[in-house]
Amino acid sequence: MSKLYQLYAFVTAMGWAESLSDRWPDAPLVGGYRVLVFTNADYPLLKEQYPTAEFKELTAEQTISAIDAGEIGPFVCSLEQTKQIMNHYSPPDEIN
Amino acid sequence: MLNPILGSILSPILKPIFGGDINYVAQLDGATQSWQLTSPITLIANDVVELSFVGGQVSNAFAMFLESDSRNLYLSTTADSLNFRVKAAFGTPTLNSQLIDNNVTPIPSSGNNTISAATVGEEIMSYVTSRSGSSLFLNLAVYNFRVIRSGAVIHEIPLNNKPQGATQLATVGNVNAFMPNYTEAVWKEL
């Protein structure tokens, strides 16, 4: 059995509200997009369940550019890429 | 008696089926996951809050181990994620029973560890580790959240019951914990 790990998909807030919020109710909002968390085992199933979606696997920088351009996605990222993208839109809080 | 070689092969297969000594911990991702209490806990002065964790490299600045809703008390990492940072209102914080020196005590890079801290005054706590929507998420595996009042455990959530999944049930008290953005991939063998 292959190792189970998490993947992250950035989807438009509108797309999330229309059809994905029941399945991913806690998806955080980043740069106007929602972040869906799933596993590598789920990935092929998601492609079957959402056959019209064009899953894109870009670099973190390319994903940021695509988000800034308002592209539809979904943009599938690793954890490290996701953190880079989240930090781009929401730099870490400073606490006192 | 089982042949030792055969046993080493079969053990990982049989333990999940028949039980055994496999223990799991949920490894938080440091980006979207934390443990949210199903109802807030009201802490009073001198309550002791305990949390165990598996040592490791923390990925975020100011990642929270414990914080109250008001953030009058918290136990976090420093900006470089290497040491513990303690809000003064959290009294007598300890790591493995040794007093934590604010900004000096290093975060263990391995092993099983327990932090504890006594509260100075009344506080509300709704999360274990960081609140949702924060950038202060912790990426370590945490378990055994406990609140002790006058020497008696009043809340205990082990946070390590893999079959329970996203909602972990209390073994003491009636407050459970829920992990937003949970997946099965969070579980690691302890």
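As the structure is a prediction and not an experimental result, all values here were calculated from the model.

Criteria and thresholds
- Each chain has its residues counted from 1, following the order in which its sequence is written.
- Written order determines the labels here, with chains lettered from A and ligands numbered from 1.
- Predicted model: local features are reported for residues with pLDDT of at least 70 only, side-chain atom pairs are reported and counted for 80 or more only, and whole-chain, interface and lining totals are derived from all residues.
- For side-chain calculations, the full set of non-hydrogen atoms in the structure is used, while hydrogens and water are omitted.
- Numbering of helices and strands runs from the N terminus; a helix is a DSSP stretch of H or I covering at least four residues, while a strand is a stretch of E covering at least two.
- Using a 1.4 Å probe on the protein chains alone, a residue whose accessible area is under 20% of its type maximum counts as buried, one over 50% counts as exposed, and one in between counts as partly exposed.
- Any two residues whose heavy atoms approach within 4.5 Å are treated as being in contact.
- Should DSSP find at least two bridges between two strands, the strands are regarded as paired.
- The angle between two axes is taken between their N-to-C directions and runs from 0 to 180 degrees, where each axis is a line fitted to C-alpha atoms and a helix contributes only its stretch in contact.
- Should an angle fall under 35 degrees it is taken as roughly parallel, and over 145 as roughly antiparallel, whereas 65 to 115 is taken as roughly perpendicular and any remaining angle as oblique.
- Two helices cross in a left-handed way if the nearer one is turned anticlockwise from the farther one by less than a right angle. They cross in a right-handed way if the turn is clockwise.
- Under the grouping applied here, Gly and all other residues not named as nonpolar or charged are polar, the nonpolar ones being Ala, Val, Leu, Ile, Met, Phe, Trp, Tyr, Cys and Pro and the charged ones Asp, Glu, Lys and Arg.
- Each nonpolar core is a collection of buried residues, namely Ala, Val, Leu, Ile, Met, Phe, Trp, Tyr and Cys, held together in the definition by side-chain atoms within 4.5 Å.
- Any Lys or Arg side-chain nitrogen located within 4 Å of an Asp or Glu carboxyl oxygen qualifies as a salt bridge.
- Two N or O atoms count as a polar contact when they lie within 3.5 Å, although within protein this holds only if one can serve as hydrogen donor and the other as acceptor, and sequence-adjacent residues are included solely when both atoms are side-chain atoms.
- What counts as a ring pair is set by centres within 6.5 Å for rings of Phe, Tyr and Trp (its six-membered ring), and what kind of pair is set by the plane angle: stacked under 30 degrees, edge-to-face over 60, tilted for all other angles.
- By the criterion adopted, a ring carries a charge over it if an Arg CZ or a Lys NZ lies within 6 Å of its centre and within 35 degrees of its normal.

Draft legend 1. The arrangement of the overall build of chain B in detail. For chain B, the count of helices and strands is one helix and 15 strands. Taken across its 190 residues, chain B has 52% of its residues classed as buried. Relative to all contacts within chain B whose residues are 6 or more apart in sequence, the contacts with residues 24 or more apart total 63%.

Draft legend 2. Highlighting unusual backbone geometry. The linkage connecting A:G73 with the following residue, A:P74, adopts the cis geometry, with an omega of 0°. When you line up the elements, A:P74 lands in the loop between α3 (60-68) and β4 (75-77). Phi at B:T129 is positive, roughly 70°, even though this residue is not glycine. According to the relative accessible area criterion, B:T129 is buried, its value standing at 0%.

Draft legend 3. Spotlight on the pairing of strand β1 (residues 24-27) of chain B. All names here are of chain B. The pairing of β1 with strand β15 (residues 187-189) spans three bridges and is classified as antiparallel. Bridge pairing in β15 links A26 to W187. Direction of pairing for β1 relative to strand β11 (residues 141-149): antiparallel, over a ladder of two bridges. Directly across from A26, in β11, lies its bridge partner V142.

Draft legend 4. Expanded view of the packing of α3(A) against helix α4 (residues 79-89) of chain A. All names here are of chain A. Running from N to C, α3 and α4 cross one another at 45°; their axes reach a closest spacing of 9 Å. Classified by the interaxial angle, the pair formed by α3 and α4 is oblique. Note on packing geometry: the crossing formed by α3 with α4 is right-handed. For the pair α3 and α4, contact is made by A60, E61, T63, I64, I67 and D68 and by Q81, Q84, I85, H88 and Y89, respectively. Along the lines of polarity and charge, the residues of the contact of α3 with α4 split into five nonpolar, four polar and two charged.

Draft legend 5. Examining the nonpolar core more closely. All names here are of chain B. Counting 37 residues, the largest nonpolar core has W35, L37, F53, F84, I115 and F145 as the members making the most contacts within it. Secondary structure elements with two or more residues in this core: β1, β2 (35-43), β3 (48-54), β4 (64-67), β6 (84-86), β10 (123-128) and β11. At four residues, the largest contribution of residues to this core is made by β2.

Draft legend 6. Highlighting the interface of chain A and chain B. Every contact between the two is made by 20 residues of chain A and, on the other side, 25 residues of chain B. At the junction of chain A with chain B, the criterion picks out zero salt bridges. Our count for the contact surface shared by chain A and chain B stands at six residue pairs in polar contact (both at pLDDT 80 or more). For the side of chain A that touches chain B, the secondary-structure elements that each account for two or more residues are β1 (6-12), β3 (33-39) and α4 of chain A.

Draft legend 7. The arrangement of the side chain of B:T183 in detail. Tracing the backbone shows B:T183 in the loop between β14 (177-178) and β15. In contact with B:T183, other than residues within four places in its own chain, are A:Q6, A:V37, A:F38, A:T39 and B:Q33.

Draft legend 8. Just the pattern of salt bridges, in detail. Residue and element names in this part refer to chain B. Summed over the entire model, instances satisfying the criterion amount to five salt bridges over all chains. Across the pair R149 and D47 runs a salt bridge whose closest N-O atoms are separated by 2.7 Å. A residue pair is termed long-range when its members are at least 10 positions apart, and R149 in strand β11 and D47 in the loop between β2 and β3 qualify at 102 residues. Judged by relative accessible area, which is 28%, R149 ranks as partly exposed.

Draft legend 9. Summary view of the pairing of β1(A). All names here are of chain A. Taking burial as the measure, the seven residues of β1 include seven buried ones, the bulk of the element. In β1, alternate side chains face the same way, and those of Q6, Y8, F10 and T12 on one face and L7, A9 and V11 on the other are all buried. Pairing of β1 with β3, which is carried by seven bridges, proceeds in the antiparallel orientation. If you follow Y8 over to β3, its bridge partner there is V37. One ladder, built from three bridges, connects β1 with β4; its direction is antiparallel. Bridge pairing in β4 places F10 opposite F75.

Draft legend 10. Here's a closer look at the side chain of B:T119. Among the secondary structure elements, B:T119 is positioned in strand β9 (residues 112-119). Looking at B:T119, its side chain comes within polar contact range of the main-chain oxygen of B:I44, at 2.6 Å.

Draft legend 11. Looking closely at the packing of aromatic side chains. Residues and elements named next belong to chain A. On inspection of all chains with the given rule, the structure shows six aromatic pairs over all chains. Considering the side-chain rings of Y43 and F55, the 5.8 Å spacing of their centres and the 70° angle between planes classify their relative orientation as edge-to-face. One end of the pair, Y43, is in helix α2 (residues 43-49); the other, F55, is in the loop between α2 and α3, and twelve residues separate them in sequence. The exposure classification of Y43 matches that of F55, with both residues buried. For the cation-ring pair, R34 lies above W16, with the distance from its terminal atom to the ring centre recorded as 4.0 Å.

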